[in-house]
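# Structural features, examined
The lines below spell out each chain.
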Amino acid sequence: EVYVDHKETFYCGCGYDDKKRVNAKSCGYEPRKNRRRGERIEWEHVVPAHALGHTRQCWREPICSTRKGKSYKGRRCCEKVDPQFRAMVSDLRNLVPAVGELNGDRSNFSFSQLQGEPRRYGSCAFEVDHKARRAEPRASVRGDIARTYFYMQQTYQLPISDKQQRLFEAWDRADPIDAWEQQRTSRIDAIIERKRAKLAGQIVGSR
């Protein structure tokens, strides 16, 4: 619903079809390693689920259990027992369509400025330093990323380091809000409002 007329991947700017198949020729993307995963889009968390949940009790302690009594923790546990985590991890403002391979390669790495990293994805301006666990996005989405982090910080009290704060402030200035980002935000807000209205109607109807 949000991307119905804007089918373009976030990190590479590749087009994709209704079946979520990536058009690599539209953006010059070339798979680094995982060609199969690179053929489809996946929904990427700009702020990784790990950053949202790793300090929470359900992530750190095995407070959940299977039907067979086996204890577990981590993301799966948080999604089961922590409403706040579920709200964060499903927040549409934090989800973008990305080439599957890039989603996997980015993992839960922090965003950064990388120097001298080779381009491993053809013409796609996305760089990953697996050893340093850092990723650098193309310049045209850096402000979008910064503002997503600021939104998550304000809405969910997400901690951001001083170094990242300075980086995101610089990215916010260098890449201001464009028409598509405004439209995307408006569409997401409309979806949220409809859900709230529907929920309110259900509550009133149940009284």
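Refer to the structure printed above.
All values derive from a computational prediction rather than experimental measurement.

### A look at the nonpolar core
- The biggest cluster of nonpolar side chains holds 51 residues, and the ones touching the most others in it are Leu102, Phe111, Ile145, Tyr149 and Phe168.
- Counting only elements with at least two residues in this core, the list comes to helix H1 (49-53), helix H2 (57-60), helix H3 (75-81), helix H4 (83-89), strand S6 (95-99), helix H6 (142-156), helix H7 (162-174) and helix H8 (179-206).
- For this core, the element with the most residues is H6, which contributes 7 residues.
- With near-sequence residues (within four places) excluded, Phe111 lies in contact with Tyr11, Val46, Arg106, Ala135, Pro137, Ile145, Tyr149, Gln164, Leu167, Phe168 and Trp171.

### With respect to H6
- When the terminal C-alpha atoms of H6 are compared, their 21 Å separation across 15 residues agrees well with the 21 Å that a helix rising 1.5 Å per residue should span.
- Burial of H6 is extensive: 12 of the 15 residues sit out of reach of the surface.
- Those residues of H6 that sit buried are Arg142, Gly143, Asp144, Ile145, Ala146, Arg147, Thr148, Tyr149, Phe150, Tyr151, Met152 and Tyr156.
- Immediately beyond the C-terminal end of H6, within one or two residues, lies Gln157, with a positive phi of roughly 55°.

### Things to note about the pattern of salt bridges
- Within the structure shown, the criterion is met by 18 salt bridges.
- Across the pair Arg106 and Glu44 runs a salt bridge, and its minimum N-O distance is 3.1 Å. You can see Arg106 sitting in helix H5 (residues 100-106) and its partner Glu44 sitting in strand S3 (residues 41-45), a full 62 residues away along the chain.
- The class of Glu44 is buried, set by a relative accessible area of 2%.
- Salt-bridge contacts for Arg147 lead to Asp144; the nearest nitrogen and oxygen are separated by 4.0 Å.

### Quick word on the packing of aromatic side chains
- Under the definition given, this model contains 11 aromatic pairs.
- Where Tyr3 meets Trp43, the ring centres are 5.6 Å apart and the plane angle is 45°; that geometry is what we call tilted. Pair noted here: Tyr3 is in the segment before strand S1 (15-16) and Trp43 is in strand S3, with a separation of 40 residues, a long-range link.
- Seen in terms of ring centroids, Phe10 and Tyr11 are 5.3 Å apart; in terms of plane orientation they differ by 65°. Their pairing is edge-to-face. When sorted by exposure, Phe10 lands in the same class as Tyr11, which is buried.

Thresholds applied
Residues numbered from 1 in each chain as written. Predicted model: local features only at pLDDT ≥ 70, side-chain atom pairs only at ≥ 80, totals over all residues. Heavy atoms only, no water. Core = buried A, V, L, I, M, F, W, Y, C linked by side-chain atoms within 4.5 Å. Buried < 20%, exposed > 50% of the residue type's maximum accessible area, 1.4 Å probe, protein only. Helix = DSSP H or I, 4+ residues; strand = E, 2+ residues; numbered from the N terminus. Contact = heavy atoms within 4.5 Å. Expected span 1.5 Å × (residues − 1). Salt bridge = Lys/Arg side-chain N within 4 Å of Asp/Glu carboxyl O. Phe/Tyr/Trp six-rings, centres within 6.5 Å; stacked < 30°, edge-to-face > 60°.

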